[in-house]
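# Descriptive analysis of the structure
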Amino acid sequence: MTKRSNTFLERVDRLRDSVLRGPGRAAPELRQAVARRSARHGAAEGATSDGVPPELEAFVDTVARCAYRITDAHVAGLLAAGYSEDEVFEITLAAALGAGDVRLERGLAALGRDREP
Amino acid sequence: MRLRILEHGHRPWQRALLGLIRPLVGFVPGPALVMSYRGALFGKHFTACMQEGLCRGRYWSRGELELFAAFVSHKSSCTF
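Attention in this report is confined to the structure presented alongside it.

Here is what the cut-offs are and how they apply
Residues numbered from 1 in each chain as written. Chains lettered and ligands numbered in written order. Predicted model: local features only at pLDDT ≥ 70, side-chain atom pairs only at ≥ 80, totals over all residues. Heavy atoms only, no water. Contact = heavy atoms within 4.5 Å. Buried area = accessible area lost by both parts, 1.4 Å probe. Salt bridge = Lys/Arg side-chain N within 4 Å of Asp/Glu carboxyl O. Polar contact = N/O pair within 3.5 Å; in protein donor to acceptor, adjacent residues only side chain to side chain. Helix = DSSP H or I, 4+ residues; strand = E, 2+ residues; numbered from the N terminus.

## Things to note about the interface of chain B and chain A
At the junction of the two partners, chain B supplies 23 residues and chain A supplies 26 residues. When chain B packs against chain A, close to 2200 Å² is buried across both sides, 63% of that on carbon and sulfur atoms. Joining chain B to chain A, the criterion identifies four salt bridges. When the shortest N-O distance is used, the salt bridge between glutamate 52 of chain B and arginine 11 of chain A registers 3.7 Å. Linking chain B to chain A there are eight residue pairs in polar contact (both at pLDDT 80 or more). Sorting the residues of the side of chain B that touches chain A by element identifies α1 (4–8) and α4 (43–55) of chain B as the ones contributing at least two each. Per-element tally for the side of chain B that touches chain A: the top contributor is α4 of chain B, with seven residues.

What follows is the structure in structure tokens.
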């Protein structure tokens, strides 16, 4: 693995740490569970409970599989369920990150590389 | 549906900057709002990834990398 690749993956790790473990309105455990569920969709493993509350499942699944189908109703539903706008923002980022992570891993695998230095 | 925080939750200096974009473009693109809102959470780190991955590519030209990105965006039905 080239030094440049390590730098990119290090930056990805910092992004992941910030979105999933950094200070936020949504609990880190929730953000991590959302990312795990989203990643499992991308890996075609099938979603499991993953600790994601039922009211978030459809939203996370849609972000993971076809984000362009997110509608006003999805977002309104989360707000109606009691999530704050900042929590919705963080949950969306976590779901997108989980989906992006599995795509990154597949791309690296296609190049014969993995995440480890 | 945009979250209200993405329209009104930025810091004053960010709102001023975004206010310059709106009359020029007619609107502020969604990615700009997302990247700049609570930048320490997401935008700062994502920008760093993009800079390393797209701007400092070693094996592909900048144009080739942007073509790959455009193709993936098209497949994802994303206009950005």
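## Details of the pattern of salt bridges
This model, assessed by the stated rule, comprises 11 salt bridges over all chains. Within the structure, one salt-bridge network assembled from shared partners comprises Arg31, Asp86 and Glu90 of chain A together with Arg38 of chain B.

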